[in-house]
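# Inside the fold
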Amino acid sequence: MARIQAVRGMNDILPADTPAWRYLEDTSKQLFAQYGLEEIRTPIVESTDLFKRSIGEVTDIVEKEMYTFEDRNGDSLTLRPEGTASVVRACEEHGLLYNQTQRLFYTGPMFRHERPQKGRYRQFHQIGVECFGFNGPDVDAELIVMTYRLWQRLGLADQVRLQINSLGTAACRDTFRSALLEFLRPLKDQLDEDSQRRLDTNPLRILDSKNPHTQSLLADAPRFEDFLSEESKAHFDSLCRTLDAQAVPYEINPRLVRGLDYYCLTVFEWVTDALGAQGTVCAGGRYDGLVEQLGGKACPAVGFAMGIERLILLLQSLNLLPETVGNNVDIYIVAAGAGTEGYALEVAEALRAASPSIRVRLHHGGGSFKSQLKKADKSGAVHALIIGEGELADRRVTLKSLRSDAAQETLAFEALPGKLNGLI
Ligand code: HAM
C-alpha cells in the first residue's frame, strides 16, 4: 500500500530541529517578559467571517489562500491564516479592552494555501505581539526597539534591515486612493493582470506589485507621503526620532503597503537578503480601526508577527545557533552485568530527584559496555555513568567524561549528586 505522506507545504519539525525552535521561542518569551507582555492563546479555527472582515475581502489571503471548510453543522470555518484577527476577537469577547490596555504575545501555527518554496509554507508558525489601547507613536517605537533587541540577542542585527512607512489615517488613504486611481486608470491596459483587477477593488495594493513593468509605470505615481495629514506626519516623525535616539537603523520605504487591509499609520517590515525571495522575517504595524470594524468600541492597536521558519533558516544558514542548542543529554547511564539494570534505574531516579534541570538518559536494550558507550557518545552527553557488577556490589558508580581526557573516577552513590552539581 502506498505510504501516506504529510500534506504539501506542511512540515514535520523533527527532533534535530526542535532545539532551535525552543531556543528561538524561549529567547523571544524571555525578552517579551522584560517588556511586560502577557501571553494569549486562541483557537486555530475561527469563523470564516472573522478573517474576511479583518484581513479584507480583496487580499491574496482571503481571495486565494484560506483553508476554509464547512463543519458538520454547516458553519463556515477557516484555519487561521494569521493571529491578529483572532486576538482582537478574543479580547473583545472577554472584555479585555473595556477600560483597559493590553500588551499580548502569542505563538503557533498559521495556514495559508500559498505555493510552497524555501521560507514559504502552507502551515507555518508565527510569534506575534499585539498591544491595545495606546495611540502611539511611543508604543510603535518600543515594539520596533524590542524586535531590534531580539535580533541583537540572536546575533542577527547585521543580517536584517528595517523598512518603515506610514499609511496615514483612513481619511488620508481615501484621498490618496482617488489620486492614485486618477493616475492609473489611463494606464489600465498596461498593468499586469492582478493589478488590473485591483484597480477597482484595492488599488493601493498595486503599489506592492512584483511585476517589473507595473513597477516602472508607478515611477511617476502620486506619492503617499504627499497625502499624509499633519497628524499622521507628526506620528511618523516622532516614530523616526525615537528610532534615531535609540540608534535603530531604518529605511523609509514609501512603497511599503502590506498585504492585509487593516493597517493605518505605522507599518514596518524587517527583511533579510540571506533567504532569497522570502526575505521578510517580521512584519506589522498599527491597526487603529480593526477593533471597531469587528464590532467593538474604537480602540487603537499595534503589533507585529515574525515567521519562525524563516528565522530558524536564517540562524541555521549563518551558523548562529549557540553550541548548547541541540544538546539534550547531560548524563548517559550505561549498565552491564547481572542485576545492574535495577541499580542503574535507581541511580538515574536519584539524580533526577536531586536536580530538576539535570537531563539523564538511561541506556535500554542491553549490549556490551563498548556498544553502550558508543551510544552515550552519540547522544551528545557530557558524561557517562558506568555501572557494572563491581559498582553494584558496593553501591558505587564510575563517572567518565565523554568530552575531555579527564581520568574516570569511581565514587559512592550518595556522593554523586554533589559531584555532578559542580560539573553540570
Ligand atoms: P504577515 O506579513 O502576513 O503579517 O506575516 C508576518 C510574517 O509571517 C511574515 O513576515 C513572514 O515572516 C511570516 N509568514 C507569512 N506567511 C508565511 C508563509 N506562507 N510561510 C512562512 N512564513 C510566513 C501578519 O500575519 C500580521 N498578522 C502581522 C501583525 C500582527 N500585524 C499587526 N499585528
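Each remark here, short or long, concerns the structure printed above.
Residues numbered from 1 in each chain as written. Predicted model: local features only at pLDDT ≥ 70, side-chain atom pairs only at ≥ 80, totals over all residues. Heavy atoms only, no water.

This brings us to the site of the ligand. Residues in close proximity to the ligand total 26 residues, the closest being E82, T84, E114, E130 and Y263. Q126 has a polar side-chain atom sitting 3.0 Å from an oxygen atom of the ligand. R258 is positioned such that a nitrogen or oxygen atom in its side chain is 2.9 Å from an oxygen atom of the ligand. In the complex, the protein chains occlude 96% of the 660 Å² of accessible area that the ligand would expose alone. (Near = heavy atom within 4 Å. Polar contact = N/O pair within 3.5 Å; in protein donor to acceptor, adjacent residues only side chain to side chain. Areas by Shrake-Rupley, 256 points an atom, 1.4 Å probe, with all protein chains shown as cover.)

When its volume is computed, the second largest pocket comes out at roughly 380 Å³. Forming the walls of the second largest pocket are 16 residues, and the residues nearest its centre are R173, R177, N202, L204 and D261. Partitioned by chemical class, the residues of the lining of the second largest pocket number 8 nonpolar, 2 polar and 6 charged. (1 Å grid on protein atoms, 1.4 Å probe; cavity = no way out; pocket = protein on both sides within 12 Å on 5 of 7 lines; lining within 4 Å. Points joined across faces, edges and corners; volume = space filled by probe spheres on them. Nonpolar A, V, L, I, M, F, W, Y, C, P; charged D, E, K, R; others polar.)

The residue after G136, namely P137, is reached through a cis peptide bond having omega 5 degrees. Even without a glycine there, the phi angle at A247 is positive, about 55 degrees. Summarising the element assignment, A247 is placed in the loop between helix 9 (230-245) and strand 8 (251-252). Its identity as a non-glycine residue notwithstanding, R258 has a phi of 70 degrees, on the positive side. (Helix = DSSP H or I, 4+ residues; strand = E, 2+ residues; numbered from the N terminus.)

Spatial ordering of the open sheet is given by 13-12-14-15-16, a layout of 5 strands whose pairing is mixed. Every other strand in the sheet has two partners, leaving strand 13 (360-362) and strand 16 (409-412) as the edge strands with one partner each. Strand-to-strand twist in this sheet, taken as the mean axis angle between neighbours without regard to direction, amounts to 30 degrees. Sheet analysis places strand 12 (residues 331-335) next to strand 13, joined by 3 bridges and oriented parallel. Counted as the bridge partner of I333 is L362 from strand 13. Seen against the sheet, helix 13 (residues 369-378) touches strand 12, strand 14 (383-387) and strand 15 (396-401) and runs at an angle of roughly 170 degrees to strand 12. (Pairing = 2+ DSSP bridges. Axes fitted to C-alpha atoms, helices over the stretch in contact; angles between N-to-C directions. Contact = heavy atoms within 4.5 Å.)

The next thing to look at is the sheet that holds strand 3 (residues 67-70). Strand order in the open sheet formed by 3 strands is 2-4-3, and the pairing between neighbours is antiparallel. Looking at which strands have only one partner, the edges of the open sheet turn out to be strand 2 (45-47) and strand 3. Strand-to-strand twist in this sheet, taken as the mean axis angle between neighbours without regard to direction, amounts to 35 degrees. Here 4 bridges tie strand 3 to strand 4 (residues 76-79), and the two strands are oriented antiparallel to one another. Opposite E70, over in strand 4, you have S76 as the bridge partner.

Contact geometry for helix 12 (residues 340-354) and helix 15 (residues 416-423): axes closest at 10 Å, N-to-C directions at 60 degrees. When the axes of helix 12 and helix 15 are compared, the pair comes out oblique. Classified by chirality, the crossing of helix 15 by helix 12 is right-handed. Taken together, the residues of helix 15 that come into contact with helix 12 (itself represented by V347, L351 and A354) are L416, P417 and L420. A per-class count over the contact of helix 12 with helix 15 returns 6 nonpolar, no polar and no charged. (Parallel < 35°, antiparallel > 145°, perpendicular 65-115°, else oblique. Left-handed = near helix turned anticlockwise from the far one by under 90°.)

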